[in-house]
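One letter stands for each residue in the lines below.
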Amino acid sequence: MTATRSVLAAQATDFPRWFQDVISKAELADNGPVRGTMVVRPYGYGIWELLQEAMNRRIKATGAQNAYFPLLIPESYLQREAEHVEGFSPELAVVTHAGGKQLEEPAVIRPTSETVVGEYLAKWIQSYRDLPLLLNQWANVVRWELRPRLFLRTTEFLWQEGHTAHASAEDARAFATKILYDVYRQVMVDVLAIPVVVGRKTRRERFAGAVNTMTLEAMTGDGKALQMGTSHELGQNFARAFDIGYLSSEGRRELAWTTSWGSSTRMVGGLIMVHGDDNGLRVPPAVAPVQVVVLAVKDEAITAAHAIADELTAEGLRVTVDDRADQPFGRRAVNWELKGVPIRIEVGPRDLAANNATVVRRLRDSAKTAVNLTELTAHVVNAIEADQTHLLAEATARQTARITTVSTVDEAVDAAATGWARIPYDAVGEQGEDRLGESGITVRCLQRPDGGLPVEDNEPDLTAYVARSY
């Protein structure tokens, strides 16, 4: 629809502006009153809720339980793990006054909860019988961003953060890896229809205080990388700092091994950047708050529109009726196009006279098909399933086409101008990372030759994925 393009910047000419336009015009979010904060509007929050449900179900299937920890953390807690506090120090928001008085000890608004969780793991864990202890928290966090961008980098954002304690390094590694694949990758691929490259972060890209960070990287529509989620092995660093110990079956006092892992509203940003087009948002059916919208073209079609919606709702679909026949039909159609609703059904007097309805599939370039009313429900149910699969296949083909295999850092820099580079990490190393950094490029992750996860930083024959990123 050319009418849609007139309200959005074109992806090809100004992708960041297009991204902001889509957020605004699709009514996903707005800027908050404090710089860097975000107001998530109902349509955007509806996507987040469905994502949250899918994620929460998989997290619980691993055996983790939900809990909640305080927003305010004593500043002294962060000082106990030196590398952790150093990594987060520039982003901290600190409360120094409350109740009209200066606090005896400043309180940090949580940037993440490893420290406060560590304090209570130490209290709750006494014996090997208490392990593993698997916790997850749905919460907001604050990290003072210098260059905020809605859904990607905001001062406050929503997320889940998992924290676990284990009796061995092997058990901790296995659980962190399970979260990476059985929770995060499943949600990215099966729910968001976003292909991701899974790998290990290099030492300099590792989470502050971790011994290993594993990541899932998506490719955006402009060929950059977006980190969609991370899972960290923390070794015994936090256990040592917070005395998270237990009595082993042999009666010895041992330190636990801990993990942490998180994903956030950045996933909504990823959805926009991976699937959106010049006509606006395109929402995967699995997380679409409205999977089908039925538009009554004229007043005479309103009754039929509601009847169609009732049939589709009975099939378990999320359906809404747009019966605002007093408003221009073209404007209404453009608005739903912008919002990326997977299926639009248009019903007017002419359609009904032919016992038909017009089905518009947003995820298939808004292709229009006249469908007989007797076949409409089955047609739409099948289209919803097929279009979820199609969206993933489309994004996968685009990602594959924009990853270039290279052999030198200079070639990687050139390839990163339009996509990603795949390069032997032996050809990069830490000196190569410095060279890439001069061009605003980073090593997004490392993989083994077979695509598997490295266990150590110095394994031979590792492959590096290199890109510019958000």
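Predicted, not measured: the structure shown is a model, and the values here were computed from it. (Residues numbered from 1 in each chain as written. Predicted model: local features only at pLDDT ≥ 70, side-chain atom pairs only at ≥ 80, totals over all residues. Heavy atoms only, no water.)

## A short note on the domain arrangement of the protein
Link 1 in the chain: Annotation of the protein at the domain level lists domain 1 (15–275), domain 2 (292–389) and domain 3 (401–468).
Link 2 in the chain: Computed from C-alpha coordinates alone, the two centres of domain 1 and domain 2 are separated by 39 Å.
Link 3 in the chain: Taken residue by residue, the interface counts eight residues in domain 1 and five residues in domain 2.
Link 4 in the chain: Interface area for domain 1 against domain 2, summed over the two sides, is near 570 Å², with a carbon-plus-sulfur share of 49%.
Link 5 in the chain: One salt bridge in this structure joins K339 and E27, with 3.1 Å as the shortest N-O distance. (Domains from an automatic or database assignment. Contact = heavy atoms within 4.5 Å. Buried area = accessible area lost by both parts, 1.4 Å probe. Salt bridge = Lys/Arg side-chain N within 4 Å of Asp/Glu carboxyl O.)

## Section: the sheet that holds strand β6 (residues 101–109)
Link 1 in the chain: Pairing is antiparallel across the open sheet formed by three strands, whose spatial order is β4-β6-β5. Where the open sheet ends on each side, the last strands, each with one partner, are β4 (72–74) and β5 (93–98). The average undirected angle you get between the axes of adjacent strands in this sheet is 45°.
Link 2 in the chain: Alignment of β4 against β6, held across three bridges, turns out to be antiparallel. Counted as the bridge partner of L72 is I109 from β6. (Pairing = 2+ DSSP bridges. Helix = DSSP H or I, 4+ residues; strand = E, 2+ residues; numbered from the N terminus. Axes fitted to C-alpha atoms, helices over the stretch in contact; angles between N-to-C directions.)

## Considerations on the packing of aromatic side chains
Link 1 in the chain: This model, assessed by the stated rule, comprises nine aromatic pairs.
Link 2 in the chain: Their ring planes at 35° and their centres at 5.0 Å tell us that F15 and W18 sit as a pair that is tilted. In this pair, F15 and W18 both sit in helix α2 (residues 15–25), three residues apart, roughly one turn of the helix. For the pair F15 and W18, one class covers both residues: buried.
Link 3 in the chain: Put simply, the rings of F69, Y120 and W124 pair up and form one aromatic cluster.
Link 4 in the chain: Stacked on the ring of Y470, the Lys or Arg K224 has its end atom at 4.7 Å from the ring centre. (Phe/Tyr/Trp six-rings, centres within 6.5 Å; stacked < 30°, edge-to-face > 60°. Buried < 20%, exposed > 50% of the residue type's maximum accessible area, 1.4 Å probe, protein only. Lys NZ or Arg CZ within 6 Å of the ring centre and 35° of its normal.)

## Quick word on the side chain of S263
Link 1 in the chain: Looking at where S263 falls in the secondary structure, it is placed in strand β14 (residues 257–264).
Link 2 in the chain: Given a relative accessible area of 4%, S263 falls into the buried group.
Link 3 in the chain: A distance of 2.9 Å separates polar atoms of two side chains, one belonging to S263 and the other to Q160. (Polar contact = N/O pair within 3.5 Å; in protein donor to acceptor, adjacent residues only side chain to side chain.)

## Things to note about the packing of helix α3 (residues 42–61) against helix α9 (residues 266–275)
Link 1 in the chain: Taken N-terminus to C-terminus, the directions of α3 and α9 make an angle of 115°; their axes are 10 Å apart at the nearest point. As judged from the angle between their axes, α3 and α9 are roughly perpendicular. Considering how the two elements wind past one another, α3 and α9 form a crossing that is right-handed. The segment α3 lies against α9, with I47, W48, L51 and M55 engaging M267, V268 and L271.
Link 2 in the chain: When grouped by side-chain class, the residues that make up the contact of α3 with α9 number seven nonpolar, no polar and no charged. (Parallel < 35°, antiparallel > 145°, perpendicular 65-115°, else oblique. Left-handed = near helix turned anticlockwise from the far one by under 90°. Nonpolar A, V, L, I, M, F, W, Y, C, P; charged D, E, K, R; others polar.)

## Focus: the packing of α2 against α9
Link 1 in the chain: Contact pair α2 / α9: the axes reach a minimum separation of 11 Å and the direction vectors enclose 115°. Seen from above, α2 lies across α9 with right-handed handedness. Facing F15, W18, F19, V22 and I23 of α2, the residues of α9 in contact are G269, I272 and M273.
Link 2 in the chain: Here the contact of α2 with α9 is built from residues that sort into seven nonpolar, one polar and no charged.

## A word on the environment of A325
Link 1 in the chain: For A325, the location among the structural elements is in the loop between β16 (319–322) and α11 (329–339).
Link 2 in the chain: Residues A325 and K298 lie 27 residues apart in sequence; the distance between their C-alpha atoms is 5.2 Å.
Link 3 in the chain: Residues contacting A325, with those up to four places away along its chain left out, are A296, V297, K298, D299 and R332.

## Looking at the pairing of β5
Link 1 in the chain: In this structure, β5 lies alongside β6, joined through five bridges in antiparallel fashion. Residue V95 lies in a different strand from β6, and its bridge partner there is A107.
Link 2 in the chain: Linking two consecutive strands that pair antiparallel, namely β5 and β6, is a turn of two residues; a positive phi of about 60° is found at G99 within it.

## Considering the pairing of strand β19 (residues 367–372)
Where a strand is regular, its side chains alternate between the two sheet faces.
Link 1 in the chain: Sheet analysis places strand β18 (residues 356–361) next to β19, joined by six bridges and oriented antiparallel. From the neighbouring strand, R361 faces β19, where its bridge partner is A367.
Link 2 in the chain: Count of turn residues in the β18/β19 antiparallel hairpin: five residues, of which D365 carries a positive phi of about 60°.

## Description of the sheet that holds strand β15 (residues 292–296)
Link 1 in the chain: With mixed pairing, five strands are arranged side by side in an open sheet as β16-β15-β17-β18-β19. Single-partner strands in this sheet number two, and they are β16 and β19. Put simply, the sheet's adjacent strands are angled 25° from each other on average, direction ignored.
Link 2 in the chain: Bridge analysis of β15 against β16 gives four bridges, and the strand direction is parallel. Residue pairing across strands places V292 opposite V319, the latter belonging to β16.

## Digging into the nonpolar core
Link 1 in the chain: L28, L192, I272, L281 and V287 are the most contacted members of the largest nonpolar core, which has 66 residues in total.
Link 2 in the chain: Residues from two domains meet in this core; each of domain 1 (15–275) and domain 2 (292–389) gives at least three.
Link 3 in the chain: Those residues in contact with I272, other than ones at most four positions away along the chain, are W18, F19, V22, I23, L28, F151 and L281.
Link 4 in the chain: If you look at the next biggest cluster of nonpolar residues, it comprises 23 residues, including L78, V108, F207 and A210. (Core = buried A, V, L, I, M, F, W, Y, C linked by side-chain atoms within 4.5 Å.)

## Considerations on a negative patch on the surface
Link 1 in the chain: Where like charges cluster on the molecular surface, the negative patch consists of D299, E300, D323 and D326.
Link 2 in the chain: Here D326 is to be found in the loop between β16 and α11. (Patch = residues over 30% accessible without salt bridge, like charges linked within 9 Å, V, L, I, M, F, W, Y side chains within 5 Å. Areas by Shrake-Rupley, 256 points an atom, 1.4 Å probe, with all protein chains shown as cover. Lys, Arg positive; Asp, Glu negative; His and termini not counted. Charge placed at Lys NZ, Arg CZ, Asp CG, Glu CD.)

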